[in-house]
Amino acid sequence: MTWRVIGSALAGLLLMSACAVVPPERRPPPPEPERPLPPSEREPDPRVEEPEPEPEPEEPPPEEPSRASAAVVALQTEADQASATGEHDRAASLLERALRVEPHNPVLWHNLAVVRYREGDLAQAESMAMRSNRYADGRRSLMQRNWELIAVARELAGDDGGAEEARQRADRLGGQR
Amino acid sequence: MAKRPSKRKASPKRRARRRGFPWLRLFLVVFVLLALAGSAWAVWLDQTVQSQFEGKRWSVPATVYARPLELYEGRRLNLDQLTEELRALEYSETASSGGSGTWRREGGDFILSTRAFQLWDGAEPARRLRLSISNGRVSQLRDAETGESIAIARLDPARIGNIYPGHREDRLLVRLEDVPQPLIDALLAVEDRDFYGHWGISLTGIARAAWANVRAGRVVQGGSTLTQQLVKNFYLTSDRTFVRKINEAVMALLLERRYSKDDILESYLNEVYLAQDRDRSIHGVGLASQFLFGEPLQSLDLQQHALMVAMIRGPSLYDPRRNPERAQTRRNQVLRVMASEGVISEAVAASASEAPLGVRARAAGPARSYPGFLALVQQDLRRDYRQEDLRTEGLRIFTTMAPGIQAATENAISRQLEGRDDALEAAAVMVDPESGEVLALVGGRNPRYAGFNRAVDARRPIGSLIKPAVYLTALQSPDRYGLGSLLDDSPLVIDDGRGQRWEPMNFDRRFRGSVPLVDSLAFSLNIPTIRLGMDLGLPAVQTTVERLGGPVNRRLYPSSLLGTQELSPLQVAQMYQTIAAGGFRNPLRSVREVTEQDGTPLNRYPLSTDRAFDPLPVHLTTTALVSAMREGTGRGAYRFLPSDFLIAGKTGTTNDHRDSWFAGFGGDLLGVVWLGRDDNTATDLTGASGALPIWADAVSVINPAPLQLRPPEGVETLWIETATGRRAEEGCAGVRPLPYSRGHGPEPSRDCRPAGSDSGADGGVADWFRGLFQ
């Protein structure tokens, strides 16, 4: 465990020293945006095998009828294309539209966090990843990616302690069993 | 020049010197002076002509738009809201399939023919949508032509106002190459057939017009060229003096000398006054096309072009909405002139003359103006734009306003205050709590009155609306406070150390001895709140207020805990937004994007969010605010709403009933309502009897998503003995379920011990989906 912590700290330091001087587009790539899935396809993360500390909710709490997802998928697809061609503002605008359709969709919040990160807005990237976690409802892989993004954002912002803490949370979610 | 006369002129001069030197000398002096004055005058006119033509030719006011209505299957939208949106868009109802900007019902479906529109992120095409609505939602959205399902569509955004300079001229600038040829043909045939031949004034034109007028026995043609008309509109007053006529002619010649025909024609097409829209004058063919037909110039028919040209001679006389017959007669006259000039055939003119006017219907009645919301927009834009630019640059401002929600809020105020004396004022703000977008804003009881904007500029004590900040402060220390913790509700005297004694009372002037924390907030008890706040420390509570987004306050007294601090409804909305979004503060915004008139993006105001609080204590506070609506001071809302509709909220009343407040939220709508008098005298209203019914009335019409109490990580539901605040079991007497921070449950009950309680404070019921209020 100790070695692992030291390793993470070293990696973080290296990452930070490497990135402190490079422009935003050359920063380490954070996780790619996730594909949103209609609620019916949202299976529990296959890697989650051990019993959860909390029981899974018996009935999923969909706040919007599942059909609304067609709108979100359409907007997300357009946002992906915009993001791929470097049109971050347009991608963000499309994701914001999607969030007005499904304000509690954690994938959309995560993807908006990634877009903000790519734009170089580290504070918003962190806040939005946090908000994604708030709505993640135990989706461990998504939460792990959010914490990884938070760790990188904190590192680049010079918050080593915060970055390490975020990394540890990401690791815990990453299923070191 | 005078000093070096030419040889040919020299000899007469010498003769003149011999005969009448002084007279000739005087004549010459006068002549030279006149020539100089004339030149100066011409130079001045020339500069006048240039100064207007070279720079920006028009001050174009900014146009302010509502947010475009997004349609998709599953969207919450009832008939009332759809109707209000279509009214704001000035879509007209048609019996059969109509052009852009119309709608009709077909069975249970709506067929909407949308207008093409350039939005910040691209063009939205005109299309025909088939929309079904059932149970307050869009149940189906299809392309009306192909029947294909559509994932998401946006309507064009409704124009909700302009930001005007001194005059109230509005125009939509067009380039000459974008103006259809038939329109130019019609214009030149009727107004200036020698346009491409003359030098600014046309003697033959004047003669021809005179002859035509004599033949017709009335004025059917004017003798002024387009250039002269443009000069008249651009530079001159409308008085009919001889000097002005001369000026007009000279300036027309100068304009022609300096600029090309196409340049002058383009200016004319953008300058010409064509119609009046209430207090806004419609200039130029671009905006007139939108205003009269609801369509861009390029999609107009011949008879529509002819009608616009017909209206130039008398925008009010030939107003096709007010005087349709006169307008039609004049239009057909234009068509005949076009035929006689040979730009169209007689047959085409005849068939176009048969066509109806094709003007889109408009809602009658006074203008729908939104002075309160527009004032907020201007305030929000002040950081990035000068007032001058907003008035003159023709910017397009895309705001967050939702016309349906605005209408429902205005209507709720007028309905609930009917019969009340006129001095009772009102203000309201509606916000999307997840995005921080301001959806509606009403600055006074008369929402059309552009005076004091109480929603933004009135600062009033917020009374009990402050209380959630006190409880949120407490609930951030889960080892000290939980929702079941008992608070002291016994008589209280506070000595401020300067000889002032304060003896606060509960609203009902009763003391309960001790009361659970959740009930103290739900029933808005003053004494336990003050005790709690003083235990926490006034600065700690103020820190919470500021983290929620409230203003700074350095003068803290125990009475601050009862809301002596003065806030605007908008500031209150910001604080409650943070609670409604689970502890994430989104700065409230009224503007999404600003573009230039041609759609070029300028600024985007993106969604931003800050994690101001840990979600857990916010969840617990929200639970207590739900309890306030279910059982506490806000329960009157359920006279308007279905009993299973989950909402959270808080009433507020200040001393002598001077202010009546309510702030509350469902899943996607947060509203703050204030009632009171501008002179700050007493009303007979509490928060529950005044502001609350307005909020609930509006919410019942809008039908937003209900609140979802999604427990964050680390919440467990415990059964708490109400009388002791201790942990018990579901089957015990006098218990109720309350959410707690995991591992921070209270001591086990002495009478009815929870199972496994011996093993420590942990454990308990982990079933966090077992409903609190089922």
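Per chain, residue numbering runs from 1 following the sequence as it is written. In the order they appear in the text, chains get letters beginning with A and ligands get numbers beginning with 1. Per-residue local features of the predicted model are confined to residues with pLDDT of at least 70, and side-chain atom pairs are confined, for both listing and counting, to 80 or more; whole-chain, interface and lining totals are unaffected and use all residues. With hydrogens and water excluded, all non-hydrogen atoms of the structure serve as input to the side-chain values.

K.L.:
Help me out: how do you make sense of the overall build of chain A in this one?
P.N.:
Only runs of H or I of at least four residues qualify as helices and only runs of E of at least two qualify as strands under DSSP, and these elements are numbered from the N terminus. Along chain A, the regular secondary structure elements total seven helices and zero strands. Listed N to C, the secondary structure of chain A is α-α-α-α-α-α-α in terms of helices and strands. Considering chain A as a whole, with its 177 residues, one finds that 48% of them fall into the buried category. Within chain A, contacts between residues at least 6 apart in sequence are counted, and of these 64% link residues at least 24 apart. For the accessible areas, the method is Shrake-Rupley and the probe is 1.4 Å, while residue cover comes only from the protein chains on display. Carbon and sulfur atoms make up 55% of the accessible area of chain A, which amounts to about 8,600 Å² in all. Whether a residue is buried, partly exposed or exposed follows from its accessible area with a 1.4 Å probe, protein chains only, as a fraction of its type maximum: under 20%, in between, or over 50%, in that order. The contact criterion used throughout is that any non-hydrogen atoms of two residues lie within 4.5 Å.

K.L.:
Any chance you could explain the pairing of strand E11 (residues 159-163) of chain B here in plain terms?
P.N.:
Remark: a regular strand shows side chains that alternate across the two faces of the sheet. Residues and elements named next belong to chain B. Burial runs high along E11: four of the five residues are buried. Here strand E1 (residues 62-65) pairs with E11 via four bridges, running antiparallel. Each residue of the ladder has a partner; that of Ala-62, found in E11, is Ile-163. A pair of strands counts as paired when DSSP detects no fewer than two bridges linking them.

K.L.:
Would you mind going over the sheet that holds strand E14 (residues 280-283) of chain B with me for this structure?
P.N.:
Adjacent strands of a sheet form backbone hydrogen bonds with each other and so pair up, either parallel or antiparallel. Residue and element names in this part refer to chain B. The mixed open sheet is built from three strands, whose spatial order is E12-E14-E13. Edge strands, defined here as strands with exactly one partner in the open sheet, are strand E12 (169-171) and strand E13 (273-277). When the angles between neighbouring strand axes are averaged without regard to direction, this sheet yields 35°. Judged from the four bridges that link them, E13 and E14 form a sheet pairing that is antiparallel. Within E14, the position partnered with Ala-275 by the bridge is Ile-282. Interaxial angle, 0 to 180 degrees, is taken between N-to-C directions of lines fitted to C-alpha atoms, where a helix line uses only the stretch in contact.

K.L.:
Would you take a moment to explain the confidence of the model for chain B for this structure?
P.N.:
As a note on interpretation, predicted positions should not be read in detail where pLDDT is low. The pLDDT value tells you how sure the predictor is about a given residue, anywhere from 0 up to 100. Scored by pLDDT, chain B comes out at a mean of 88, with 92% of its residues at no less than 70. Residue range residues 758-774 of chain B is modelled with pLDDT below 50. Its contacts to residues more than four positions away, or to other chains, number 36 contacts.

K.L.:
Just to check I follow, could you spell out a nonpolar patch on the surface for this structure?
P.N.:
Together, Leu-24, Phe-27, Leu-28, Val-29, Phe-31, Val-32, Leu-33 and Leu-36 of chain B make up a nonpolar patch on the protein surface, roughly 730 Å² of accessible area in all. One can find Val-29 of chain B in helix H1 (residues 7-54). Patch membership requires more than 30% relative accessible area and the absence of a salt bridge. Residues of like charge join within 9 Å; the nonpolar side chains Val, Leu, Ile, Met, Phe, Trp and Tyr join within 5 Å. Any carboxyl oxygen of Asp or Glu that lies within 4 Å of a side-chain nitrogen of Lys or Arg is treated as forming a salt bridge with it.

K.L.:
Is there a simple way to think about the side chain of Asp-143 of chain B in this case?
P.N.:
Residues and elements named next belong to chain B. Along the polypeptide, Asp-143 turns up in strand E9 (residues 137-143). Charge assignment in this entry is limited to Lys and Arg as positive and Asp and Glu as negative, and neither His nor the chain termini are counted. Despite its burial, Asp-143 pairs with no opposite charge; the closest candidate is Arg-127, at 5.6 Å N-O. Setting aside residues up to four positions removed in sequence, Asp-143 forms contacts with Arg-128, Glu-148 and Ile-150.

K.L.:
Explain the state of the cysteines to me, please; I cannot follow it from the model alone.
P.N.:
Residues and elements named next belong to chain B. Pairs of cysteine sulfur atoms within 2.5 Å are identified as disulfides in what follows. Tallied over the entire structure, the rule returns one disulfide over all chains. At a sulfur-sulfur separation of 1.7 Å, the disulfide partner of Cys-732 is Cys-752. Taking the sign of the S-S torsion, about -75° here, the bridge from Cys-732 to Cys-752 comes out left-handed. Note that Cys-732 is positioned in the loop between strand E32 (727-728) and strand E33 (735-741) and Cys-752 in the segment after E33, a separation of 20 residues in sequence.

K.L.:
Would you mind going over the pattern of salt bridges with me for this structure?
P.N.:
Pairs may arise between side chains of opposite charge once their charged atoms sit close together. Summed over the entire model, instances satisfying the criterion amount to 52 salt bridges over all chains. Linking Arg-115 of chain B and Asp-156 of chain B is a salt bridge whose minimum nitrogen-to-oxygen distance equals 3.0 Å. One end of the pair, Arg-115 of chain B, is in the loop between strand E5 (109-113) and strand E6 (117-119); the other, Asp-156 of chain B, is in the loop between strand E10 (153-154) and E11, with 41 residues separating them in the sequence. Of the two residues, Arg-115 of chain B and Asp-156 of chain B, neither departs from the other in class, the shared state being buried. Salt-bridge contacts for Arg-589 of chain B lead to Glu-437 of chain B; the nearest nitrogen and oxygen are separated by 3.2 Å. Placement of the pair is Arg-589 of chain B in the loop between strand E24 (584-585) and strand E25 (591-595) and Glu-437 of chain B in strand E17 (residues 437-442), with a sequence separation of 152 residues. Glu-437 of chain B gets classed as buried once you look at its relative accessible area, which sits at 1%. Among the charged side chains, a network of salt bridges with common partners joins Arg-97 of chain A together with Glu-70, Asp-121, Glu-124, Arg-127 and Arg-154 of chain B.

K.L.:
I tried to follow the interface of chain B and chain A on my own but got confused; where do I start?
P.N.:
Interfaces are often sized by the amount of accessible area the parts lose when they come together. Listed as interface residues are 38 residues of chain B and, on the opposing side, 38 residues of chain A. Taken together, the connections running from chain B to chain A amount to seven salt bridges. Put simply, Glu-70 of chain B and Arg-97 of chain A hold a salt bridge, and the shortest N to O gap is 2.9 Å. Polar contacts, as used here, are pairs of N or O atoms within 3.5 Å; protein pairs need one atom able to donate a hydrogen and one able to accept it. Residues neighboring in sequence count only if both atoms are side-chain atoms. Counting the contacts that link chain B with chain A gives 16 residue pairs in polar contact (both at pLDDT 80 or more). Of all the secondary structure elements, the ones that give two or more residues to the side of chain B that touches chain A are E9, E25 and strand E27 (610-611) of chain B. For the side of chain B that touches chain A, a count of residues per class yields 15 nonpolar, seven polar and 16 charged. Polar here means any residue outside two lists: the nonpolar Ala, Val, Leu, Ile, Met, Phe, Trp, Tyr, Cys and Pro, and the charged Asp, Glu, Lys and Arg; Gly therefore counts as polar.

K.L.:
Sorry, what's going on with unusual backbone geometry here?
P.N.:
Trans peptide bonds make up most of the peptide bonds, and negative phi angles are found at most residues other than glycine. Residues and elements named next belong to chain B. We note that Ser-524 has phi near 55°; this positive angle belongs to a residue other than glycine. By the element assignment, Ser-524 lies in the loop between helix H17 (517-522) and helix H18 (526-536). The phi torsion at Asn-680 lies on the positive side, around 65°, for a residue other than glycine. Exposure remark for Asn-680: the relative accessible area of 35% places this residue in the partly exposed category.

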